[in-house]
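Inside the fold
One-letter residues, chain by chain:
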Amino acid sequence: MDAHDIFRKLTSGVKFSKKSFAGSKLTVKQNFNGQTNVVKLGEDDEDVKIKEEIEDDGYPSFSADNDEPVEVKEEEDKPTFNEEQLKEKVNRTRKQNSITVSGKNVPAPIESFDDCNILPQVLKNIVKMGYSNPTPIQMQAIPIMMQGRQILACAPTGSGKTMAFLIPVINSLKKPKSDGFRALIVCPTRELARQIFRECTQLTEQTGLRTYLISKLTQKHISKGENISKKCDILITTPNRLVYILRQEDSKMDLKHVEWLIVDESDKLFEVGVRGFRDQLGEIYRACDSENIKRAMFSATHTVHVAKWCKKHLKGMISVGVGHRNTAVNLVEQKLEFVGSEHGKLIAVRNLIHEGLHPPVLVFVQSKDRAKELFSELLYDGINVDIIHSDRTQIQRDNVVRAFREGKIWVLICTELMGRGIDFKGVNLVVNYDFPQSAISYIHRIGRTGRAGRPGKAITFFTEDDKPALRTIATVMRDSGCAVPEFMLSLKKQNKKVKRKLEQSAPVRQPISTNPTYKTNVNKKKRKKNTE
Ligand SMILES: Nc1ncnc2c1ncn2[C@@H]1O[C@H](COP(=O)(O)OP(=O)(O)OP(=O)(O)O)[C@@H](O)[C@H]1O
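Please read all numbers here as calculations on a predicted model, not as lab measurements.

Cut-offs and rules
Residues numbered from 1 in each chain as written. Predicted model: local features only at pLDDT ≥ 70, side-chain atom pairs only at ≥ 80, totals over all residues. Near = placed C-beta within 6 Å. Helix = DSSP H or I, 4+ residues; strand = E, 2+ residues; numbered from the N terminus. Nonpolar A, V, L, I, M, F, W, Y, C, P; charged D, E, K, R; others polar. Domains from an automatic or database assignment. Pairing = 2+ DSSP bridges. Axes fitted to C-alpha atoms, helices over the stretch in contact; angles between N-to-C directions. Contact = placed C-beta atoms within 7 Å. UniProt positions renumbered as here; feature names shortened; annotations may be inferred. Buried ≥ 20, exposed ≤ 12 C-beta atoms within 10 Å, placed from the backbone. Parallel < 35°, antiparallel > 145°, perpendicular 65-115°, else oblique. Left-handed = near helix turned anticlockwise from the far one by under 90°.

1. Some remarks on the site of the ligand
Of all residues adjacent to the ligand, which total 21 residues, the nearest are Thr157, Gly160, Lys161, Thr162 and Ala452. For the shell around the ligand, the element with the most residues is helix 6 (residues 161-173), which contributes three residues. Residue classes in the shell around the ligand are distributed as seven nonpolar, 10 polar and four charged. Each of domain 1 (94-322) and domain 2 (332-517) gives at least three residues to the shell around the ligand.

Next comes the structure, spelled out in structure tokens:
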């Protein structure tokens, strides 16, 4: 083996290269785990508890932290590794890619898409989509799912989780059948479902496999009695749409042949209450009652609840993590900006515009009303601005997303609706106009930039009112390698009850208006409800 081969082996899966990132002149060679230089959380921190609970599951764990230092050895002319060498190599690959695993008989990570019997046509499609090497989550999740093992996977935002589940699922379905849906992918928003649908369609090209996306329009067809199940292999949907159909009298939706149930953004789908989907997920789970069903949970953030549930219900499950849990991607340069008051936010955002914005830019606010208010303020500031929230029609939402993808909209004002999963290529800046309601929300929001190895920036405005939650976000920033003023980290820890309350409902804020004395009649309850 020559030096080139050794280099190739060591860097396999680490190099990023994707031809289709149009508009960028950057050639980025960046580790996809995006999690180097991470400071560990304090001992009493919730995230450490999460980690401990997950790892203490009685299964052998191959933690990167326990590995020996990496040694580059010239391989002799031995064609095969002995067991010890193989184990060492597997551990080394995991360590280099910040992969941790927990479970019995975990297969070795792949270092190339050629390593694990992916169907030739699917391989061709992967190449056509511009992917040359697997990202760390793909390196480990693909061989696990190819063995038909259930999985709980957690990897940073923008690290390629979609392909990590699509490739093995498509591979296991092999060719079309008329049994009914054999794979079901659920995710929290229609925009995300449509995005997964697009990727799935590209990946199944020329395989004959048929993918179906439930939308308002197709929902009507199904409700009218059209038996779609028999004509398609893969179903992609939000839980609400599917449950609506399942609840119809004489529903023809047949999920009895589902072999793979994929829950994307699993922690969001496990949330209870109006913002979560726990009940709907339960119904879907019960409807997929094939004996051979396998489940896979994916998210960038991890909660104890999901982990406990999976441990209890997913037989032989393997848990995979990339990087440190519940930290933001370190490709994003993060900044907290004190703006004094609500009015100060408007001044700050206008300053950003006058200093010269580098579109595309996403601006997050906490509610639909605030999105509308900010939109009417920025409409005449000479920038191409638009908004997206759940009150807009499906067509409006689709058009806005398309226009933003095509660069026709420079600044997109959005609610939490766009916080998860959405992959806009090359978002340069995320502005948290309203302070995020939790660390999890912060991680997902700023994860709309710094994707697929590209750098990004995030600015979070805060006022005196946001101070109680400041420490939580400052800690996330520190853990992803950003400089944070020491005083923020030594602020009083947020009371748990207050923290939970804030997660459930956004704080009441002064309306967004150039005139600071402007008041609206919008009552508090309405404001709390209209978050998406
Ligand atoms: N092997 C690969 N090589 C290069 N780019 C890839 C590869 N796999 C996926 N990508 C690209 O990486 C980007 C992010 O992927 P994806 O949307 O799946 O991220 P994610 O991990 O699901 O993020 P989030 O947690 O925000 O949902 C996409 O633009 C995708 O095309």
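2. Topic: the sheet that holds strand 12 (residues 385-388)
The strand order across the open sheet built from six strands is 10-15-14-11-13-12, with neighbouring strands paired in parallel fashion. What marks the edges here is a single partner per strand, and that holds for strand 10 (332-340) and strand 12. Each neighbouring strand pair of the sheet contributes to a mean axis angle of 20°, computed without reference to strand direction. In this sheet, strand 14 (residues 429-432) lies alongside strand 11 (residues 361-364) in parallel orientation, the contact comprising four bridges. Bridge pairing in strand 14 links Leu362 to Val430. The sheet contacts of helix 16 (residues 439-446) involve strand 10, strand 11, strand 14 and strand 15 (456-463), and relative to strand 14 the element is tilted by about 150°.

3. Some details on the UniProt feature "domain: Helicase C-terminal" (unreviewed entry) in the protein chain
The UniProt record annotates "domain: Helicase C-terminal" (unreviewed entry) at residues 331-492. Strand forms 20% of residues 331-492 and helix 39%; the C-alpha atoms that close the span are 28 Å apart.

4. Some words on the pairing of strand 6 (residues 234-237)
Residues Ile234 and Ile236 line one face of strand 6 and the alternating positions Leu235 and Thr237 line the opposite face, and both faces are buried. Here three bridges tie strand 5 (residues 211-213) to strand 6, and the two strands are oriented parallel to one another. Directly across from Leu213, in strand 6, lies its bridge partner Ile236.

5. Some points on the pairing of strand 8 (residues 294-299)
Within strand 8, six of the six residues are buried, which leaves it mostly tucked inside the rest of the structure. Side chains Lys294, Ala296 and Phe298 project from strand 8 onto one buried face, and the interleaved Arg295, Met297 and Ser299 project onto a second face that is buried too. As paired elements, strand 3 (residues 151-154) and strand 8 share four bridges and run parallel to each other. If you follow Ile151 over to strand 8, its bridge partner there is Ala296. Judged from the five bridges that link them, strand 7 (residues 260-264) and strand 8 form a sheet pairing that is parallel. In the sheet register, Trp260 faces strand 8, and the bridge partner there is Lys294.

6. Brief notes about the domain arrangement of the protein chain
Taken domain by domain, the protein chain comprises domain 1 (94-322) and domain 2 (332-517). The partner domain 2 presents 17 residues to the 16 residues of domain 1 that form the contact. When grouped by side-chain class, the residues that make up the side of domain 1 that touches domain 2 number four nonpolar, seven polar and five charged.

7. Some points on the packing of helix 5 (residues 136-146) against helix 6
Helix 6 packs onto helix 5 with a crossing angle of 25° between their chain directions and a minimal axis gap of 9 Å. Put simply, helix 5 runs roughly parallel to helix 6. For the element pair helix 5 and helix 6, the recorded crossing hand is right-handed. Contact with helix 5, carried on its side by Ile137, Gln138, Ala141, Ile142, Met145 and Met146, involves Lys161, Met163, Ala164, Phe165, Ile167, Pro168 and Asn171 of helix 6 and no other residues of that element. For the contact of helix 5 with helix 6, the class distribution of residues is 10 nonpolar, two polar and one charged.

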